[in-house]
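Coordinates in review
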Amino acid sequence: MSATTSSYSITMRLYTAPDHGVVGTVATCIAACGGIVTAIDVTESRHDRLVVDVTCSATDSDHSQELVKAVEAIEGVVVHKVSDRTFLLHLGGKIEVRSKVPLRTRDDLSMAYTPGVGRVSMAIHENPEDVVNLTIKGNAVAVVTDGSAVLGLGNIGPGAALPVMEGKAALFKRFANIDAWPICLASQDVDEIVRAVEMIAPGFGGINLEDIAAPRCFEIERRLRASLDIPVFHDDQHGTAIVVLAALTNALRVVGKNIGDIRIVVAGAGAAGSAIVTLLLAGGAGDVTVWDREGLLSRDDATLPPAKAELAARTNPQRLRGDLQSGLNGADVFIGVSGPGVLKAEWIADMAPDAVVFALANPDPEIDPVEASKYAAVVASGRSDYPNQINNVLAFPGVFRGLLDARASEITTDMLIAAAAAIAHTVKDEELNQSFIIPSVFNPEVPKAVAAAISGRPLA
C-alpha cells in the first residue's frame, strides 16, 4: 500500500446506532483498507443515534472513494456526507488584502486616502525613487503565469492555475513576509505576456514567473530581464536549480565525492532541467549529460530542436548516444525532472558505487523512492511523504527577500550559487545523513540565510 497524504484527506459524517463500539469498527475498517484515521469526533449523541465525524487520509482520490464504500458497507452505519478537506481549505480563496494602517476616523481616511494621499503621490512624482519607500512596491512581487505548465497537470489555463498562484503568494507571505499577487494571464503569446508584465511592473519590486511552458518561458524571461529594472525570476527554473544544487552538495558530503569528479545524468530538458544543468556547470560540475524524448542529447545530433541543441552543446563531453539506461551506466548521480516511471530500479545497480538519485517529477516521481533506496546511497524526491524533499519553498522566499532588501535590479548566477550554498550549510555536520541532506521548509533560518546570501548583507 502506498503512503497516505493529507492532500487526500476526507471527513465522513456518519449516522450510527447508539453504540460507541461502532466507532472502533469504523476505525478498524478504514485501517484494513489502507487508510489512516487522524480524528474521530462524536458531534451528537442521542438515544436513537450517534453523529460521528471521521477524518482519514488516503493515497489518492480513488482510494478515498474506496474508504467511503467500505464504511458504507458496515451494518448500522450511514455515510451522511463526505467532505474533501483540501477543497474546504480553498473555499473563497487562500489569500486576502488587509490594511496595515487604522481606518477608524475621518482623520485616518484623510491621511490614508484623499486628500492626504495626493501629497504622497506628488512627492513620488518629484522623486520617483521614493516609490519603494512610500508604497507597497518595495515589498511586492507579481506571481505571473499563463497556465500552460501547471504543476504536473499540463496546459490547464489561467483560471485553473489560480489556486496554485494563490498558494505561491501565501508561501511568500508565510516564509518571507512578502506581499505577492497572483497574475493569471489569458494569453500564451510571448509578445502579449511580455507586454502585460511590462505594463504592471511599476507596482512591483520583482516578477516571479511561474508554470509557463518551455521553450516559451526562456524567451519571456530573457526579454523581461532586458526591459525591466526589477529582478525577474522563473521559479520553475532557478528555484528548482538552487535547491537541487544545495541537496546535491550535501549528498556528496554524505558519500564523500566532489562535484568536479562525478558524472551526472539529468532526465528532462525542459525549463527545470535546463536551469539545473546551467547551475550545476556554474557550480563546478564537469560531466553532465541530459536525456529527453530524443534520447541522450549530444552535439553530434543535428536533428535536435534549437533549445535542446544549445543544451547539448554545453553538456555530454563524452558525446554519449542512446537511451537513459545506457547513459546511467557508471554515472554517479541521476537527477529526474521528467515524468513518472522513467527510471527502473535495476538500472541504479549499474551506476557507480554510492549512487545518488533525485527523482523530482511531481506528483509521481521517476521511480518510487523506496525502490530506489534499495540500490542508491542517497535518494531524494519532490514529495513531502518521503525523506529529503526537494522543495522550491526553500529557495524563492529568501531569494526575493534578499532581492527586495537590496533593491536589486537583476539576479545573477553568482547569487543563485550563493543561495544554494546557504541552504546546504543550514544542515550541520552532526545532522547530516543519507535521510537528511536538505533542511525542513519550516526551518526559520533558511529564508534568513538565503536572503543574506542574495543581498550580501550579514545575518541579523
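Now for a quick tour of the structure. Since the model is a prediction, treat every value here as computed from it, not as a measurement.

1. A short note on the sheet that holds strand 4 (residues 77-84)
One open sheet holds the four strands; their spatial order is 2-3-1-4, and the pairing between them is antiparallel. The strands lining the two open edges of the sheet, one partner per strand, are strand 2 (36-45) and strand 4. Direction aside, neighbouring strands of the sheet carry axes that sit 20° apart on average. Across the sheet, helix 1 (residues 21-32) touches strand 1 (5-16), strand 2, strand 3 (50-58) and strand 4, and the angle it forms with strand 2 is around 155°. Sheet strands touched by helix 2 (residues 61-72): strand 1, strand 3 and strand 4. Its angle to strand 1, the strand with the most contacts, is close to 20°.

2. Overview of helix 10 (residues 235-255)
End to end, helix 10 covers 29 Å across 21 residues, agreeing with the expected 30 Å (1.5 Å per residue, within 8%). The element helix 10 is largely enclosed, with a buried count of 18 among its 21 residues.

3. Some thoughts on a nonpolar patch on the surface
Together, V101, L103 and L109 give the surface a local cluster of nonpolar side chains, amounting to about 260 Å² of exposed area. Within the secondary structure, L103 is located in the loop between helix 3 (85-90) and helix 4 (106-112). Residue L103 is classed as partly exposed on the basis of its relative accessible area, which comes to 45%.

4. Brief notes about the environment of L304
With respect to the element layout, L304 can be found in the loop between strand 11 (295-296) and helix 12 (306-313). Since its relative accessible area comes to 9%, L304 is described here as buried. If sequence neighbours within four positions are ignored, L304 has contacts with E294, L297, S298, A309 and A312.

5. Remarks on the pairing of strand 9 (residues 263-267)
For a regular strand, side chains alternate in direction, first toward one face of the sheet and then toward the other. With respect to burial, strand 9 is a largely interior element, five of its five residues being buried. The alternating pattern of strand 9 places R263, V265 and A267 and I264 and V266 on opposite faces, both of which are buried. Note that the unit made of strand 9, helix 11 (residues 271-282) and strand 10 (residues 287-292) has a crossover that is right-handed. One ladder, built from four bridges, connects strand 9 with strand 12 (residues 333-336); its direction is parallel. Within the sheet, the bridge partner assigned to V266 lies in strand 12 and is I335.

6. Some details on the pattern of salt bridges
Tallied over the full model, the rule gives 24 salt bridges. A salt bridge links D429 to R253, with the shortest nitrogen-to-oxygen separation between them at 2.5 Å. Of this pair, D429 sits in the loop between helix 17 (413-425) and helix 18 (445-455) while R253 is found in helix 10, placing the two residues 176 residues apart along the sequence. Residue D429 is classed as exposed on the basis of its relative accessible area of 63%. Notably, a salt bridge pairs E310 with R314, separated by 2.7 Å at the nearest N-O pair. The class for E310 is partly exposed, based on a relative accessible area of 41%. Taking relative accessible area as the criterion, R314 reaches 32% and is therefore assigned partly exposed. Because the salt bridges share partners, they merge into one network encompassing D292, R293, E294 and K308.

7. Some words on the side chain of N391
By the secondary structure assignment, N391 is in the loop between strand 14 (378-381) and helix 16 (396-405). In this structure the side chain of N391 is engaged in a polar contact, spanning 2.9 Å, whose partner is the backbone nitrogen of V393. With sequence-adjacent residues up to four places away left out, N391 is seen in contact with V243 and V441.

8. Structural notes on the environment of L311
In this structure, L311 sits in helix 12. Using a relative accessible area of 1% as the deciding quantity, one classes L311 as buried. Here the alpha-carbon distance between L311 and M415, two residues 104 residues apart in the chain, equals 22 Å. Those residues within four positions of L311 in sequence are excluded, and the remaining contacts are A269, S274, V277, V290 and L297.

9. Let's talk about the state of the cysteines
Considering all chains together, one arrives at zero disulfides under this definition. Here C56 stays unpaired: no disulfide links it, and the sulfur of C29, its closest cysteine neighbor, is 9.8 Å away. C217 takes part in no disulfide bond, and the closest cysteine sulfur to it belongs to C184, at a distance of 17 Å.

Calculation criteria
Residues numbered from 1 in each chain as written. Predicted model: local features only at pLDDT ≥ 70, side-chain atom pairs only at ≥ 80, totals over all residues. Heavy atoms only, no water. Pairing = 2+ DSSP bridges. Helix = DSSP H or I, 4+ residues; strand = E, 2+ residues; numbered from the N terminus. Axes fitted to C-alpha atoms, helices over the stretch in contact; angles between N-to-C directions. Contact = heavy atoms within 4.5 Å. Expected span 1.5 Å × (residues − 1). Buried < 20%, exposed > 50% of the residue type's maximum accessible area, 1.4 Å probe, protein only. Patch = residues over 30% accessible without salt bridge, like charges linked within 9 Å, V, L, I, M, F, W, Y side chains within 5 Å. Areas by Shrake-Rupley, 256 points an atom, 1.4 Å probe, with all protein chains shown as cover. Salt bridge = Lys/Arg side-chain N within 4 Å of Asp/Glu carboxyl O. Right-handed = clockwise from strand over helix to strand, strands pointing away. Polar contact = N/O pair within 3.5 Å; in protein donor to acceptor, adjacent residues only side chain to side chain. Disulfide = S-S within 2.5 Å.

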